[in-house]
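Letter by letter, the chains look like this.
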Amino acid sequence: MTAKQKSLGIMTRCHGPHFQEKSYYKKLTLIGRKAGIHVFVFSPRQVDFESRTVAGFEYRNGAWRSGIFPLPDVIYDRCFVGPSYRHYKPFVKKLQNDPQITFLGHGLSGKWQVHQMLSKSPELAAWIPPTEILTIAALREMLVTYGAAVIKPSAGTHGAGVVRIVPTLNGFEIVGRDRKNEPFSRTIRTAQGLKSFIASFTAGRTFLVQPYLSLHAPDGTPFDVRVLVQKNGLGTWEITGKAVRLGDKRSITSNLHGGGKAVPLGPFLAQHYQPEVQARIEQEIDRLATELPPYLEKVHGRLVELGIDVGIDTAGNVWIIEVNSRPGRTVFRLIDDPKARLRSIAHPVRYARYLMKSM
C-alpha cells in the first residue's frame, strides 16, 4: 500500500481467518484495487488503538492473507447484530467516535427503533403495519382487532422466530419458525397455555407484535419484495435492484435462509395481479424506496445502503415489513440479474471513493 493510497476496512466478526461473505469481500477488494483503494477485512476486537493498527486479512495472489494494517480511512460496517454482538459493541463504538475514521454508514438498531423513526413520517406511515412491543395485553388486542397476529424478534434476522397466532374453535393455531429457523406448528388449547408458550418462546428477548397480513400469492406461497437501495459514486441514493423472494408454502415467511427462492418482480406481479394493479404496486414500491432512505438518514445518521423488505397483501396493498442496513445480495444472483448484482457490489466502493475525495 502506498503512502497516499486510501484504505477501506471491512469490519466484520472474524474468528482468526474464519469470516462470512468471503466471496463478496473478494469482489470488493478487486473493485477497490481498480479504483486505487486498499481493501482489507478486520474484526473490531483486533484494533490496537495505541499504535492505530489492526490485525486483519487482505485478498492477494489468489488467497486471503493475514497482516497488520494502519487503521482504515473509511470503514464498511458488516458486523451483523446478534446475540454475541455485545462482545464487539464497545470496540465498534470506540471506532465510531474516532475523528480520523469515517464510516460509510452507521447500522440501524432493532426493528422497534426503526418502526418508531419511520412512523413519525407522514409520507411513510401509511405503509407501516400497526406495531407494538409484545405483551400479552398487546397480543390480545391485536387478535381481537385483526383476527390474527404475528410476533417477531426485534433483533432477529432471516425470519427466525417469526410466528403467526390465530384463534380457532380449539384454542390457538401457532405456525412459524423457531430460533434455529426450523418451521413448526402446534395447537394451544387455552389462553394460559398461550401465555406460557409466549414466555418460553421469547425467553427474555424483546419481540414485536403486528396484525397478520396475508402476504402471499393466491396459491398460498408467501412472498415479499426485496428492494436494495444504495449510495452511489455521487453520494446520492439509487435503487440498485428489486426481486421477489418466494417462501416455502409450509412457512409464513419468504426469507431465502428459510428455504425460499427468488424470481424477477415484473413477471411475478403480472402473473398474479391485473395490469392496473401491477402498475400501482410498482409505482408505490418505487415511491417508498425513493422517500424512505433520505428520511431515515435524516433522523438516524449516515447510511450507505438499505435492504427494504416490502410486503404485498392479497388485496394489492403495499407494506414496509423490514428495513435492514446490512443487506445481502443473493437475490440478484438467483434471478440472474448481473447488472444489479455488479452495481450492488460496486456501489459501496464507489461511495467510499466519493467520501475519500473530501479527506
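Everything quoted here is computed from the prediction, not taken from an experiment. (Residues numbered from 1 in each chain as written. Predicted model: local features only at pLDDT ≥ 70, side-chain atom pairs only at ≥ 80, totals over all residues. Heavy atoms only, no water.)

Q: Help me out: how do you make sense of the sheet that holds strand S12 (residues 207–211) in this one?
A: One open sheet holds the six strands; their spatial order is S7-S12-S8-S9-S10-S11, and the pairing between them is antiparallel. A single partner strand is all that each edge strand has here, and the edge strands are strand S7 (132–133) and strand S11 (183–188). Sheet topology note: the strand S8 (residues 149–153)/S12 ladder contains five bridges and is antiparallel. The residue of S12 that forms the bridge with Val150 is Gln210. (Pairing = 2+ DSSP bridges. Helix = DSSP H or I, 4+ residues; strand = E, 2+ residues; numbered from the N terminus.)

Q: Just to check I follow, could you spell out the sheet that holds strand S15 (residues 261–263) for this structure?
A: What holds strands together in a sheet is hydrogen bonding between their backbones, with the strands either parallel or antiparallel. Strand order in the open sheet made by the five strands is S15-S14-S13-S16-S17, with antiparallel pairing throughout. Among the strands making up the open sheet, the edge pair consists of S15 and strand S17 (318–324). When strand polarity is set aside, the average angle formed by the axes of neighbouring strands in this sheet is 35°. (Axes fitted to C-alpha atoms, helices over the stretch in contact; angles between N-to-C directions.)

Q: Sorry, what's going on with unusual backbone geometry here?
A: Phi is positive for Glu21, which is not a glycine, with a value near 60°. With respect to the element layout, Glu21 can be found in the loop between strand S1 (6–11) and helix H1 (22–34). Not every positive phi belongs to a glycine, and Ala203 is a case in point at roughly 40°. With respect to the secondary-structure elements, Ala203 resides in the loop between helix H6 (191–202) and S12.

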